[in-house]
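Reading the structure
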Amino acid sequence: MTLNFFPITETVDHISLIMGSGFFSFLIAMILAKPTINFLRKHKLGKNIRDNGVDGKAAPLFNALHLKKAGTPTMGGILIWGTTLIVILLSRLFSYLGIIDHSLLNRKETYLPFFTLLAVALLGLLDDWFNIKGWGKKGLPVSPKIFTLTLFALLGGLWFHFKLGYDQIHVPGVGDFPMGIAYIFIFLFIIVASANAVNITDGLDGLAGGLSIIAYMTYAALAYAHGLLILSAFCAVVAGATIAFLWFNIPPARFYMGDTGSLALGATLGVIAMITDTVLILPFLTAIFVIETLSVIIQLASKKLRGKKIWHIAPIHHHFEHIGWPESQVVMRFWIVGALFACFGLVLGLVGMGL
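Described below are features of the structure shown in this document. (Residues numbered from 1 in each chain as written. Predicted model: local features only at pLDDT ≥ 70, side-chain atom pairs only at ≥ 80, totals over all residues. Heavy atoms only, no water.)

Of regular secondary structure, the chain possesses 13 helices and two strands. For 355 residues, the compact-globule formula gives about 20 Å, and the C-alpha radius of gyration of the chain, at 20 Å, lands near that figure. Seen along its three principal axes, the alpha-carbon backbone of the chain occupies a region of about 60 × 45 × 35 Å. By residue count, 51% of the 355 residues in the chain fall in the buried class. The contacts of the chain with a sequence gap of at least 6 include a subset with a gap of at least 24, amounting to 75%. Across the chain, the centroid of the 24 positively charged side chains sits 13 Å from that of the 17 negatively charged ones. (Helix = DSSP H or I, 4+ residues; strand = E, 2+ residues; numbered from the N terminus. Rg over C-alpha atoms; globule rule 2.2 N^0.38 Å. Buried < 20%, exposed > 50% of the residue type's maximum accessible area, 1.4 Å probe, protein only. Contact = heavy atoms within 4.5 Å. Lys, Arg positive; Asp, Glu negative; His and termini not counted. Charge placed at Lys NZ, Arg CZ, Asp CG, Glu CD.)

Encoded structure:
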């Protein structure tokens, strides 16, 4: 695996496409943000605070911290994937009319992440609807949600392996290792884990949004280094839309992304990692997401095996909130740590490609 270098004039054009796509996405999302918030408020599409924690038992500490947020509009992820849909369709139209050279709807590079973004967003939208209506346990029951996500990831893994011929994992600085049929199950794990990791992290105003921007902007750079120009522009489009979302999601949040945003952003990151063969870099680019997920696993394991909790509340961002850190302080410090890990992951990814 080696870096792809382009002539300087071509590189300038490419950077213009990537940055222009991201900025165009940001502008469209900023225009649509207030109408989206007003629509969600008008139709009373507000969040219900779950009564139970990750273990299914009553969560009085969590409710004490977040009950005040009940009723805040959710489903804000519609702004992110809706803007991405608009930008990609417009790029297709402009390309057909000869206004621009590149459509962002590209079979080799963006069909799969784009389809993943939309498909998983619809699953998340259903979960958000259950939450708003107070059905189930204020959300889609865990079993059918995980089953559907797992089935989708399995089909994706089968497609990648048998249709596209993906069967290896790149170890930075070492080389490529064939996985054979095991690639399918690695793919499945990465997609399901990524989707749920972002979903778990989406618990404080601005937290998941800011970390998602960091991850997608880093992947825009890595995708370009791999010679995947259109995928790089796609990452910039998602990042641009998420920046506009974050503008209205920082404390106090005007709306939340909901599962339609968090599940979709996470699953799509997983697909991008598989396309760019950077699955071992992904944990660095999404370090906070990984830490948040591990904090839940550790908490559940400790309660089951020892009968005691490690954290006051899991995921760990609620622990820091409960011990006295202001919400904005938790968010900003997690952004800083996430950005530092992402920088390290980017360097590791570039060095591993032979820079």
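Next comes the rest of the account.
With the rule as written, the count across this model stands at nine aromatic pairs. Here Phe 245 and Phe 255 contribute two aromatic rings whose centre-to-centre distance is 5.0 Å and whose plane-to-plane angle is 40°, an arrangement assigned as tilted. Of this pair, Phe 245 sits in helix H8 (residues 229-247) while Phe 255 is found in the loop between H8 and helix H9 (258-275), placing the two residues ten residues apart along the sequence. A residue is classified by how much of its surface remains accessible, and Phe 245, at 0% relative accessible area, is buried. Judged by its relative accessible area of 0%, Phe 255 falls in the buried class. (Phe/Tyr/Trp six-rings, centres within 6.5 Å; stacked < 30°, edge-to-face > 60°.)

It is worth spelling out helix H6 (residues 182-201) at this point. The end-to-end C-alpha separation of H6 is 28 Å, in line with the 28 Å expected for 20 residues at 1.5 Å each. Most of H6 sits inside the fold, with 14 of its 20 residues counted as buried. (Expected span 1.5 Å × (residues − 1).)

Let us look at the side chain of Thr 74. You can see Thr 74 is positioned in the loop between helix H2 (60-66) and helix H3 (77-97). Beyond its immediate sequence surroundings of up to four residues, Thr 74 is in contact with Leu 40, Leu 45, Gly 46, Lys 47, Asp 128, Ile 132, Tyr 256 and Gly 258.

Along the polypeptide, Leu 90 turns up in helix H3. For the pair formed by Leu 90 and Leu 105, sequence separation is 15 residues and the distance between their alpha carbons is 9.8 Å. Apart from residues no more than four positions distant in its own chain, Leu 90 is found in contact with Phe 24 and Ile 28.

Right, let's talk about the pattern of salt bridges for a bit. Opposite charge on two side chains makes pairing possible when the charged atoms of those side chains draw close. In this structure the tally under the stated criterion is two salt bridges. Close ionic contact of Lys 145 with Asp 127 constitutes a salt bridge, the shortest N to O distance being 3.0 Å. Of this pair, Lys 145 sits in helix H5 (residues 142-163) while Asp 127 sits in helix H4 (residues 111-133); the two residues are 18 residues apart in sequence, bridging distant segments of the chain. Each member of the pair, Lys 145 together with Asp 127, is buried. (Salt bridge = Lys/Arg side-chain N within 4 Å of Asp/Glu carboxyl O.)

Here we come to the packing of H3 against H8. Relative orientation of the contacting elements H3 and H8 amounts to 135°, with a least axis distance of 9 Å. The orientation of H3 relative to H8 falls into the category oblique. Taken as a pair, H3 and H8 cross one another with a handedness that is right-handed. Where H3 approaches H8, its residues Leu 79, Ile 80, Thr 83, Thr 84, Val 87 and Ile 88 are matched on the opposing element by Phe 234, Val 237, Val 238, Ala 241, Thr 242 and Phe 245. Partitioning the contact of H3 with H8 into residue classes produces nine nonpolar, three polar and no charged. (Axes fitted to C-alpha atoms, helices over the stretch in contact; angles between N-to-C directions. Parallel < 35°, antiparallel > 145°, perpendicular 65-115°, else oblique. Left-handed = near helix turned anticlockwise from the far one by under 90°. Nonpolar A, V, L, I, M, F, W, Y, C, P; charged D, E, K, R; others polar.)

So, about the pairing of strand E1 (residues 168-171). Where E1 lies against strand E2 (residues 175-178), four bridges are found, and the strand directions are antiparallel. Bridge pairing links Val 171 to Gly 175 in E2. Between the antiparallel neighbours E1 and E2 lie three residues, among them Gly 173 with a positive phi of about 80°. (Pairing = 2+ DSSP bridges.)

Turning our eyes to something else, we now look at the nonpolar core. Counting residues in hydrophobic clusters, the biggest one holds 83 residues, and the most contacted among them are Tyr 216 and Tyr 219. With 13 residues, the top contributor of residues to this core is H8. Each residue touching Tyr 216, except ones within four places of it in the same chain, is listed here: Cys 235, Val 238, Ala 239, Ala 264, Leu 265, Thr 268, Leu 269 and Ile 272. (Core = buried A, V, L, I, M, F, W, Y, C linked by side-chain atoms within 4.5 Å.)

So, about unusual backbone geometry. Omega for the bond connecting Pro 251 with Pro 252 falls within 30 degrees of zero, at -10°, which places this linkage in the cis form. For Pro 252, the location among the structural elements is in the loop between H8 and H9. Omega for the bond connecting Ala 314 with Pro 315 falls within 30 degrees of zero, at 5°, which places this linkage in the cis form. Counting through the fold element by element, Pro 315 comes out in the loop between helix H11 (287-305) and helix H12 (316-322). Of note, the phi angle at Asp 277 is positive, near 55°, even though the residue is not glycine. Here Asp 277 is to be found in the loop between H9 and helix H10 (282-285).

Turning our attention to the environment of Ser 95. Turning to its location among the elements, Ser 95 is positioned in helix H3. Using a relative accessible area of 24% as the deciding quantity, one classes Ser 95 as partly exposed. Taking the C-alpha atoms as reference points, Ser 95 and Val 337, 242 residues apart in sequence, are found 40 Å from one another. In this structure, Ser 95 is in contact with Ile 100, Asp 101, His 102 and Ser 103, ignoring residues within four places of it in sequence.

What follows is about the environment of Arg 254. Mapped onto the secondary structure, Arg 254 falls in the loop between H8 and H9. Leave out the neighbours within four places in its chain, and Arg 254 touches Ile 37, Arg 41, Thr 72, Pro 73 and Phe 248.

Treat this as a map of the structure, not an account of what it does.
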